[in-house]
Amino acid sequence: MNITFQSWMQAVWISLIEPAEIAAKVLTMRFSRDVMWTAMALIAVLNVLLLAVFQLLAPTGVLMQDQVVSLSPFSYVAIIGSFLALLAVMLVQAGRILGGTGTLDGALMLIIWFQAISLTLEIIQVGLLLISMHVASLFGMISLGAIIWVIVNFINVLHGFGNVGKTVFVIAMALIATGFGMLFVMALLGVSPPVGETI
């Protein structure tokens, strides 16, 4: 399959306006677990690279650096990768508690696709920063609403709920559980909030 810039942007657009239809198609794709974990690792790396570029271009980048714990690029990749992996597991488990039928392979495929869409929107936002910070901020807010719409539909299709309210509850439970799991991961990496600072 030949993927061009035009065909990819068309796929992103369709994912934003018809997320349920795209989710159903993504779930029919078959890849080995190794391929999916590799894709997750690549996504984590790309997220870190985009974060670095965004902080270099954003006027608030310097202020942010003073408030964030200094981590190596590897640690950032490990944190993002762990978050995505934990989220996939928790989305499946939370969904099954409410009678969902989603599988881990399906959750991994949808998160990979979702992250690919999100990264594309972030790249566009970084490009807009070169034009106007205000335009980039507006695009960021619109993108946030769009990706929330996408993930809700993706998880709804994953578990076959047909119920947006139930899906939102599953996502909330999964995020809370993932947050607790990430506390353990960050402790292993030696990451802790700064102490002795006043706001």
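Structure shown above.
Owing to the predicted nature of the structure, the values given are computational and were not obtained by experimental measurement.

**Student:** I would appreciate a short explanation of the environment of Leu86 in the present structure.
**Tutor:** With respect to the helices, strands and loops of the structure, Leu86 is situated in helix H5 (residues 73-97). C-alpha separation for the pair Leu86 and Leu175, spaced 89 residues apart in sequence, amounts to 9.2 Å. If near-sequence neighbours (up to four positions away) are discounted, Leu86 is found in contact with Thr178, Gly181, Met182 and Val185.

**Student:** Is there a simple way to think about helix H1 (residues 5-17) in this case?
**Tutor:** Residues lying three or four places apart along an α-helix face the same way, a consequence of the helix completing one turn every 3.6 residues. Compared with the 18 Å implied by 1.5 Å per residue over 13 residues, the 19 Å span of H1 between its first and last C-alpha is a close match. Within the span of H1, buried status applies to Ala11, Val12, Ser15 and Leu16. Projection of H1 onto a plane perpendicular to its axis shows the buried side chains occupying an angular sector of 135 degrees, all on one side. In this structure, H1 carries Gln6 and Trp13 as exposed residues pointing more than 90 degrees from its buried face.

**Student:** What exactly am I supposed to notice about the pattern of salt bridges here?
**Tutor:** A side chain with one charge can pair with a side chain of the opposite charge if their charged atoms come near. Within the structure shown, the criterion is met by two salt bridges. One salt bridge in this structure joins Glu21 and Lys25, with 3.5 Å as the shortest N-O distance. Placement of both Glu21 and Lys25 in helix H2 (residues 19-26) is noted, with a separation of four residues, approximately one turn of the helix. By relative accessible area, which is 48% here, Lys25 ends up partly exposed. Between Arg33 and Asp105 there is a salt bridge, with the nearest N and O atoms lying 2.5 Å from each other. You can see Arg33 sitting in helix H3 (residues 33-57) and its partner Asp105 sitting in helix H6 (residues 104-129), a full 72 residues away along the chain.

**Student:** I would appreciate a short explanation of H5 in the present structure.
**Tutor:** Taking 1.5 Å per residue as the helical rise, H5 with its 25 residues ought to reach 36 Å, and the 36 Å between its terminal C-alpha atoms agrees with that figure. Close packing links the buried residues of H5 with H3, H6, helix H7 (133-159) and helix H8 (164-188). At the exit of H5 stands Gly99, carrying a positive phi of roughly 90 degrees.

**Student:** Help me understand the packing of H1 against H6 in this model?
**Tutor:** A pair of packed helices is captured by two measures, namely the crossing angle of their axes and the spacing between those axes. Between H1 and H6, the least distance of the axes is 10 Å, while the angle of their chain directions is 110 degrees. As summarised for this structure, H1 and H6 are arranged roughly perpendicular, according to the angle between their axes. Seen along the crossing, H1 lies across H6 with a hand that is left-handed. Across the interface between the two elements, Trp8, Met9, Ala11, Val12, Ser15 and Leu16 of H1 pack against Trp113, Ala116, Ile117, Thr120, Leu121 and Ile124 of H6.

**Student:** Even after reading the chapter, I still don't get the nonpolar core, so can you show me in this structure?
**Tutor:** It is characteristic of soluble globular proteins that their nonpolar side chains tend to be buried jointly. With 39 residues, the main nonpolar core has Leu91, Ile111, Trp113, Ile117, Phe154 and Ile155 as its most contacted residues. Secondary-structure elements contributing two or more residues to this core are H1, H2, H3, H5, H6, H7 and H8. Ranked by residue count, the leading element in this core is H6, at 12 residues. Here Ile117 is in contact with Trp8, Val12, Ser15, Leu16 and Phe154, once residues within four sequence places are set aside.

Cut-offs and rules
Residues numbered from 1 in each chain as written. Predicted model: local features only at pLDDT ≥ 70, side-chain atom pairs only at ≥ 80, totals over all residues. Heavy atoms only, no water. Helix = DSSP H or I, 4+ residues; strand = E, 2+ residues; numbered from the N terminus. Contact = heavy atoms within 4.5 Å. Expected span 1.5 Å × (residues − 1). Buried < 20%, exposed > 50% of the residue type's maximum accessible area, 1.4 Å probe, protein only. Arc of directions from axis to C-beta. Salt bridge = Lys/Arg side-chain N within 4 Å of Asp/Glu carboxyl O. Axes fitted to C-alpha atoms, helices over the stretch in contact; angles between N-to-C directions. Parallel < 35°, antiparallel > 145°, perpendicular 65-115°, else oblique. Left-handed = near helix turned anticlockwise from the far one by under 90°. Core = buried A, V, L, I, M, F, W, Y, C linked by side-chain atoms within 4.5 Å.

These values are about where atoms sit, not about what they do.
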